[in-house]
Amino acid sequence: MCPSTTPICCAYEAILGPGSLRISYRCSDGNYNVECPSGGTHLGHAIVSIEENNPPNMTAINNTLTGCGLPSINPTIVNDPQNPPGPSPDNNGEPDLDLVVLGAALPKNASLALVNTGGDIFDALQLAAQQCGVILSNDPAPGTTSSSASRGPNFPSGGCIISVSYGSPEQFDSTMVGGQNVLVSNSQEASDLLADLADLGVIVVVAAGDTGSGGCLSTGQSTATGLTPTYPASDPSALAVGGTQWATSANGPYQPGVNYTPIVWKSANAGASSRCSNFQVNGQPASPGAGGGGISSVFPAISAQESITAQAYPTFPRNRMVPDVAALAGTPGYAMFMTNPQTGQLGWSVDAGTSAAAPSVAAGIANINAILSARGLGPISNGGGTLDVHTVMYSPAYQSSLTDITIGDNSLFGLTMNGIVGWSAMTGFDMTSGMGVPNFGVLANALVGSSGRSAALAPLSSHQTSSVQLLGGGVRLDTSAPSTPAQLLPVQSPKANAA
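Definitions and cut-offs
Residues numbered from 1 in each chain as written. Predicted model: local features only at pLDDT ≥ 70, side-chain atom pairs only at ≥ 80, totals over all residues. Heavy atoms only, no water. Helix = DSSP H or I, 4+ residues; strand = E, 2+ residues; numbered from the N terminus. Buried < 20%, exposed > 50% of the residue type's maximum accessible area, 1.4 Å probe, protein only. Contact = heavy atoms within 4.5 Å. Areas by Shrake-Rupley, 256 points an atom, 1.4 Å probe, with all protein chains shown as cover. Phe/Tyr/Trp six-rings, centres within 6.5 Å; stacked < 30°, edge-to-face > 60°. Core = buried A, V, L, I, M, F, W, Y, C linked by side-chain atoms within 4.5 Å. Salt bridge = Lys/Arg side-chain N within 4 Å of Asp/Glu carboxyl O. Polar contact = N/O pair within 3.5 Å; in protein donor to acceptor, adjacent residues only side chain to side chain. pLDDT = per-residue confidence, 0-100.

Requested: an account of the overall build of the protein chain, with residues and values cited.
Scanning the protein chain from terminus to terminus reveals 10 helices and 26 strands. Residues classed as buried in the protein chain amount to 60% of the 499 residues present. Sequence-distant contacts, at least 24 apart, represent 76% of the contacts inside the protein chain between residues at least 6 apart. Total accessible area on the protein chain is roughly 17,400 Å²; 50% of this is exposed by carbon and sulfur atoms.

Please provide a residue-by-residue account of the environment of P379, values included.
Along the chain, P379 turns up in the loop between α7 (354-374) and α8 (389-394). For P379, a relative accessible area of 26% translates into the label partly exposed. Along the backbone, P379 and N369 are 10 residues apart, and their C-alpha atoms lie at a distance of 4.9 Å. Excluding residues within four positions of it along the chain, P379 makes contact with G158, N369, L372 and L387.

Go over the packing of aromatic side chains with me, naming the residues and quoting the values.
Tallied over the full model, the rule gives six aromatic pairs. Each ring, one from Y313 and one from W423, has its centre 6.0 Å from the other, and the planes form 80°; the classification is edge-to-face. Note that Y313 is positioned in the loop between α6 (306-312) and β19 (319-322) and W423 in the loop between β25 (420-421) and β26 (437-438), a separation of 110 residues in sequence. On the numbers, 6.2 Å between centres and 35° between planes, the contact of Y394 with F429 is tilted. Of this pair, Y394 sits in helix α8 while F429 sits in the loop between β25 and β26, and the two are 35 residues apart along the sequence. Here a set of aromatic residues connected by ring pairs shows up, and it is made of Y313, F316, Y394, W423 and F429.

Go over the nonpolar core, please, and point to the residues and values.
Counting 62 residues, the largest nonpolar core has V205, L239, V361, I365, I368, I380 and L447 as the members making the most contacts within it. For this core, the element with the most residues is α7, which contributes 11 residues. Ignoring any residue separated from it by four or fewer positions in sequence, one finds V205 in contact with I161, I162, S163, V164, L239, V241, A358, V361, A362 and I365. Listed in part, the 34 residues of the second largest apolar core include I50, I162, L200 and A240.

I'd love a proper account of the pattern of salt bridges, names of residues and values included.
Inspection of the entire model under this criterion finds two salt bridges. In this structure, K266 and D409 form a salt bridge, with 2.8 Å as the shortest nitrogen-oxygen distance. Linking K266 in strand β14 (residues 266-267) with D409 in the loop between β23 (402-403) and β24 (416-417), this pair joins segments that are 143 residues apart in sequence. Assessed through its relative accessible area of 25%, D409 is described here as partly exposed. Here D324 and R320 are joined by a salt bridge, their closest N and O atoms 2.7 Å apart. Across the pair, R320 and D324 agree in class, each one buried.

So what about helix α4 (residues 121-131)? Which residues, and what values?
Judged by how many residues are buried, α4 sits mostly within the fold: nine of 11 residues are covered. For α4, the side-chain oxygen to backbone nitrogen distance between the N-cap and F122 is 3.1 Å, and the N-cap itself is D120. Phi for G133, located one or two positions after α4, is positive at around 85°.

Quick one: what's the story with the confidence of the model for the protein chain, residue by residue and with numbers?
Summing up the model confidence of the protein chain, the mean pLDDT is 76 and the portion of residues at 70 or higher is 65%. This stretch, residues 458-499, has a pLDDT under 50; its non-local contacts, to residues over four places away or in other chains, come to 147 contacts.

Could you give me a rundown of unusual backbone geometry, with the residues and numbers involved?
The amide bond that connects Y231 to the next residue, P232, takes the cis arrangement and shows omega of 15°. With respect to the helices, strands and loops of the structure, P232 is situated in the loop between β11 (230-231) and β12 (238-247). Across the junction of V322 and P323, the peptide omega takes the value 5°, indicating a cis bond. The residue P323 is located in the loop between β19 and β20 (325-328) in this model. We note that N53 has phi near 55°; this positive angle belongs to a residue other than glycine. Along the chain, N53 falls in the loop between β1 (45-52) and α2 (58-66).

Here it is in structure tokens:
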């Protein structure tokens, strides 16, 4: 069933290979090369990945995909002409991870683009909006907002999804004005544009960050004085994605071939950059990682979450809380075929971080939309209504389509808020994993079923059942899957949701 002789491509036991990722989105019935989803007429839709100072290595990306028997990809790559991107060692490998995750499960009739800027998130969002076919009337004069945005003739009929794996602590993106915490100018421009894109239905999926509940001491900046989420994940118009990992218990490591439990992603040495210089293990500098989350000091709660978050955190202000959902960010990690920076030799690497979680959710939603459009239904979007992405993820009608994460925490730095040191997972919504991990196949069936149409997808085989649950949780791994190679490059988190 696995199209490749390379075991890591389809293995489930120690690393998530592209083949496993592809089938986890219900892209095939055991044949990894089947376009996903099969059947019906799929409306054209677009997926855009945002990068900052980070060009993709298309050779490494397509070596990973084709080496695993999957089609190569040829995304449109746009470099910012106004703010030309330069090299960024801290974020090295980010676009490769993003495009492998998106490319492994690219839906039928979907276009894929990558925009790369040397500017800030506002500049990147403008480029991404243009790739979505959005016309920005006041763009791109510095210091102005896109107060007039509209769908141009090239806006895809099936919608557009933007994936963002970057951000910084909200405290560093805001300031006090007249006793109120507000965004600084460039972040406010980004927020205005995000609101415009939401009005047009564009979904912007944003990684919640790898610095847990906050407090990272970044290079050239002071440490946060309390718990803080990252921006733009905390923006009301964004779908914020936290991180999970697999374990046999709250503190136990992942063990191949046994029952696993999805818990909150947290690692004392995740292989991320050393941007958090105030974190040590046994007196030595370390590179921690944990799924980001927290309560915004700038934005009020979005309507879809207000009653749910008020019930979960009754003593806290009615402000925006993140993440909204979560996906795999830690152990067992994502497979990448790349050059070892120490030896210069090609080999398999294990990547981690909410950088992978965000595009995996973007790909999952894109596949749901392809299934919906193939049955004559409208897509999940970001413009309000019953198929608004936040409404769907927070709706009680679809909660059985998400795996609730109830074990773990995202505290890394010991900072407190109202006596709380970080955030802990609990039943229902929490600020570590939001509403849980979406099971996209189940959610697609539920959405189609709620429309009165017939079931969207055929029943799964036992082989597929393990595969589909890879990003979610609670099943025994497929022990018949091939074992992965023993020699892997170190785990690394190439992105850095940090300043």
